[in-house]
Amino acid sequence: MNEQQARTRIQELTAALNDHNYRYYVLAQPSVSDYEYDMLLEELIKLESQFPELVDQNSPSQRVGGQVTKKFPVVRHKYPMLSLGNTYSKEELQDFDQRIRKAIGEQFEYVCELKFDGVAIGITYANGKILRAVTRGDGMQGDEVTPNIKTIRSLPLSLKKEGLPAEFEVRGEVFLPHKSFLKLNQEKISNEEEPFANPRNAAAGSLKTQDSALVAKRGLDSFLYGLFTDTPLFDTHYESLRALKDWGFKVSEFSKKCKTLNEVFLYIETMEQLRPELPFDIDGVVIKVNDYRQQEQLGYTAKSPRWAISYKFKAERVATRLLDVIYQVGRTGAVTPVAVLKPVPVAGTIVKRASLYNADRMAELDLHLLDEVYVEKGGDIIPKIIGVNDSVRPANAQKVQFATHCPECDTPLAKSEGEAIHYCPNSEHCPPQIQGKIEHFISRRAMDIETLGQGRVEILISNGIISNLADLYDLKYEQLLGLEKTITDPITLKTKKFSFREKTVENILNALENSKKVGFERVLFALGIRLLGETMARKLAKHFGNIDALMKASFEELTSVPDVGEKMAFSIIDYFKQPGHQEIVQRLKNAGLKFETQKEAEPRQGPLNGANLVISGVFTHYSRNEIKALIEKNGGKITGSVTSKTTYLVAGENMGPEKRKKAEELGVKIISEDDLEALIKQ
Ligand code: IVH
């Protein structure tokens, strides 16, 4: 084949593939089989590889991706990409409607649309071809993700229509249909990767994937709902939607013109009923004033138009069957009932488990095995059972009774008078409770051995390598290296893989070694004595000076310490009374942990003498406790809130905006941790 013949054939193939694409992905009326389509595409790709100079930027071969983007360029939007005000009730919609009538009178109509739950995109076409596609970003500028957008098969890469504006922008939503989402998550799980929480996150993640060939495999789709041109082409939004459809874009069937608020309400109800049957996620409807001139009249607030609003649906609920109730023991020993359900799709994911919270909640639902139950997914993470359809319950159905024994260690469960929570009293030997204690011990505010982390602690416990706090300091390099495990969350059934590689093991052993420098007050807090928080641990450490004095302290001595109440005193006595705890303290002492307070340089004199400081946010060089200690060591006093008496507000990253505002109002000096160091050095 010579170049001229190739050019002709490439043109034929391009036209045929574009047409098939449109029929298949936009109209859902395929005209050829998948096999025939694949054959045509294969022929095109082959020809293009033989004649690379003939490859068009918008050839249908771009659908399979291939371009790798290292960093997505940031592009300014020609027309700002606004967001929408949200409403959740009919009353709020009535207010919206009233505002509009007041501003523009009675002669107008609305267009109601689905609110697609995906990622907003703006796509510019120049001379009938995709020029660029940009995400919303902050509304003023976003990321250019053109190669990834070109993989969306329902989106025309070039337009056939004559007489279109030389340049225009279409806006719409990119989403992952449920089918593609489920397939993607199944693949993730079998590759031991973290699955996506919902289709929206999956779509957002896909758009930011560097390799467009991977994006092509995900099966993104889009609906368009906006047209932007320099000079207006149409008078109304509805006409623009019709035009977009006519030009070959995928536009939702469900847009509807409504004259009255009652028609809007009817639309909302109809769409809410339709929602479970849609093959993609929606989270509400959008209501827009149709006429562009009236839109202009109504104008905009800083972030959103006054001529449009969204109405958000409540969480989606579906019916399924209750197969069993199992019990999960938390880190504190609390026992949570979990419903095992006949798998059912809810808002794009397959739900197999749901939390039942506690015995009271379970009794309220009056659950029987094989009941038909209603499941709801709030927010998207943990599903819950919100009701039972007892009208279809078989006469001999068996009532679900709350467990009597701990599913982890078989100890009889206990329940405090007047409380809803059952708990396992075997706090020393019940595996999840051991885990809870160790997690607290290693946490940043306690011993700060967080490289170990939750998942890895679970591996160590389940392998019998550790069963209490003191065992941590006997860990050896060889014991840890190579351990690994995939852990499944009992409710979401999400899996995560944890492993101990060389570097991790080194980091863990270093962190353990470093933790021996942690002061007594934090070690005391780390022990996890019930009711003993950080502040009281500090006070007690200071008051008693060392652990032996504290262990020997009587009830009276304890309650004589300011702020130590009876409950806390009992808790402390009870803790140290147990031989297991005495042994752990002894072993931790032997390991070299600090069990007495460092002598303070009294009276405290220093560069910060007389200064009142408030700290806020996260610091780079110090933990919060370290920065507090530094200030106190240098004579400064720490207080919780900014007042007129405050000398300095030490600002870390992500500090509370309220504190900053207060400081600015009162003229309190705001300093960084570097400034603080400089002050001290002075
Ligand atoms: S119109 C100024 N129409 O909702 C008008 N937005 O909260 C803004 N969305 O960023 C957009 N479906 O991602 C519009 N039919 C629809 C929509 C829709 C979903 C999203 C869009 C936007 C967000 C606004």
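Whatever comes next refers back to the structure up there.
Residues numbered from 1 in each chain as written. Predicted model: local features only at pLDDT ≥ 70, side-chain atom pairs only at ≥ 80, totals over all residues. Heavy atoms only, no water.

Our focus in this paragraph is the overall build of the chain. Looking only at helices and strands, the chain features 24 helices and 24 strands. Taking the principal axes of the C-alpha coordinates as reference, the chain spans close to 90 × 75 × 65 Å. Within the chain, the fraction of its 682 residues that count as buried is 47%. In the chain, once contacts between residues fewer than 6 apart in sequence are set aside, the share between residues at least 24 apart is 67%. Counting every atom, the chain has about 35,100 Å² of accessible surface; 49% of that belongs to carbon and sulfur. Across the chain, 91 positive and 94 negative side-chain charges occur, with their mean positions spaced 2 Å apart. (Helix = DSSP H or I, 4+ residues; strand = E, 2+ residues; numbered from the N terminus. Buried < 20%, exposed > 50% of the residue type's maximum accessible area, 1.4 Å probe, protein only. Contact = heavy atoms within 4.5 Å. Areas by Shrake-Rupley, 256 points an atom, 1.4 Å probe, with all protein chains shown as cover. Lys, Arg positive; Asp, Glu negative; His and termini not counted. Charge placed at Lys NZ, Arg CZ, Asp CG, Glu CD.)

Right, let's talk about the sheet that holds strand β22 (residues 637-638) for a bit. In sheet architecture, strand pairing relies on hydrogen bonds along the backbone and comes in two forms, parallel and antiparallel. Strands sit in the order β22-β21-β23-β24 across an open sheet of 4 strands; the sheet is parallel. The open sheet has two edge strands with one neighbour each: β22 and β24 (669-671). Pairing analysis gives 2 bridges linking strand β21 (residues 612-616) to β22, with the strands arranged parallel. Note on β22: the bridge partner recorded for N612 is K637. (Pairing = 2+ DSSP bridges.)

Helix α2 (residues 34-50) packs onto helix α1 (residues 3-26) with a crossing angle of 145 degrees between their chain directions and a minimal axis gap of 10 Å. Viewed along their axes, α1 and α2 form a crossing whose handedness is left-handed. Along the contact surface, α1 presents A6, R9, I10, L13, T14, A16, L17, H20, N21 and Y24, while α2 presents D34, Y37, L40, L41, E43, L44, L47 and E48. Of the residues assigned to the contact of α1 with α2, the class counts are 11 nonpolar, 3 polar and 4 charged. (Axes fitted to C-alpha atoms, helices over the stretch in contact; angles between N-to-C directions. Left-handed = near helix turned anticlockwise from the far one by under 90°. Nonpolar A, V, L, I, M, F, W, Y, C, P; charged D, E, K, R; others polar.)

One pass over the full model with this rule turns up 33 salt bridges. As a salt-bridge pair, R101 and D97 come within 2.8 Å of each other at their nearest N and O atoms. Of this pair, R101 and D97 both sit in helix α3 (residues 90-104), separated by 4 residues, roughly a single helical turn. Its relative accessible area of 4% is what places D97 among the buried residues. Where K497 meets E484, a salt bridge forms, and the shortest distance between an N and an O atom there is 3.8 Å. Of this pair, K497 sits in strand β20 (residues 495-499) while E484 sits in strand β19 (residues 484-488), and the two are 13 residues apart along the sequence. Judged by its relative accessible area of 38%, K497 falls in the partly exposed class. (Salt bridge = Lys/Arg side-chain N within 4 Å of Asp/Glu carboxyl O.)

This part takes up empty space enclosed by the protein. The full count for this structure, using the stated rule, is 3 cavities of 30 Å³ or more. Counted as a void, the largest cavity has a volume near 60 Å³. Along the walls of the largest cavity sit V75, R76, H77, K78, G122, T124, R132, V134 and E169, which together make up its complete lining. Taken together, the residues of the lining of the largest cavity sort by class into 2 nonpolar, 3 polar and 4 charged. (1 Å grid on protein atoms, 1.4 Å probe; cavity = no way out; pocket = protein on both sides within 12 Å on 5 of 7 lines; lining within 4 Å. Points joined across faces, edges and corners; volume = space filled by probe spheres on them.)

This brings us to the site of the ligand. The environment of the ligand is formed by 14 residues, the closest being E113, L114, F116, E173 and K288. In this structure, K288 approaches the ligand through a side-chain N or O atom, which is 3.0 Å from a nitrogen atom. When the ligand is considered free in solution it has 520 Å² of accessible area, and contact with the protein chains removes 86% of it. When residues of the shell around the ligand are traced back to their parent elements, those giving at least two are β3 (110-116) and β10 (282-289). Considering each element in turn, the shell around the ligand owes the most residues, 4 residues, to β3. Taken together, the residues of the shell around the ligand sort by class into 8 nonpolar, 1 polar and 5 charged. (Near = heavy atom within 4 Å. Polar contact = N/O pair within 3.5 Å; in protein donor to acceptor, adjacent residues only side chain to side chain.)

Pairing is mixed across the open sheet formed by 5 strands, whose spatial order is β2-β11-β10-β3-β9. Strand pairing shows two members of the sheet lacking a second neighbour, β2 (86-87) and β9 (256-258), which therefore form its edges. Examined bridge by bridge, β3 and β10 share 7 bridges and lie antiparallel to one another. Bridge pairing in β10 places F116 opposite I282. Across the sheet, α3 is in contact with β2, β3, β10 and β11 (308-312); its angle to β11 comes to roughly 170 degrees. Packed on one face of the sheet, helix α8 (residues 237-246) meets β3, β9 and β10 and runs near 55 degrees to β3.

A separate point is the packing of aromatic side chains. All told, the structure shown has 20 aromatic pairs when counted by the stated rule. With a centroid separation of 6.4 Å and an interplanar angle of 5 degrees, the aromatic rings of F116 and Y225 are classed as stacked. Taken together, the residues F116 in strand β3 and Y225 in strand β8 (residues 221-228) connect sequence positions 109 residues apart. By relative accessible area, F116 is classed as buried at 6%. (Phe/Tyr/Trp six-rings, centres within 6.5 Å; stacked < 30°, edge-to-face > 60°.)

A separate point is the nonpolar core. Note that soluble globular proteins tend to have their nonpolar side chains buried in a common cluster. By size, the foremost hydrophobic cluster in this structure holds 57 residues, and its most contacted members are F441, L472, L524, L527 and L540. Put simply, the parts of the chain that give this core at least two residues each are α12 (431-442), α13 (453-462), α15 (502-514), α16 (520-526), α17 (534-544), α18 (547-552), α20 (566-577) and α21 (579-591). If we skip the residues at most four places from it in the chain, L472 touches I438, F441, I442, L452, I466 and L512. Membership of the second largest hydrophobic core comes to 35 residues, among which are I121, I123, A133 and V170. (Core = buried A, V, L, I, M, F, W, Y, C linked by side-chain atoms within 4.5 Å.)

Counting through the fold element by element, N358 comes out in the loop between β14 (349-355) and α11 (359-365). The exposure class of N358 is buried, given its relative accessible area of 16%. What N358 contacts, discounting residues up to four positions off in sequence, is P337, F402 and A420.

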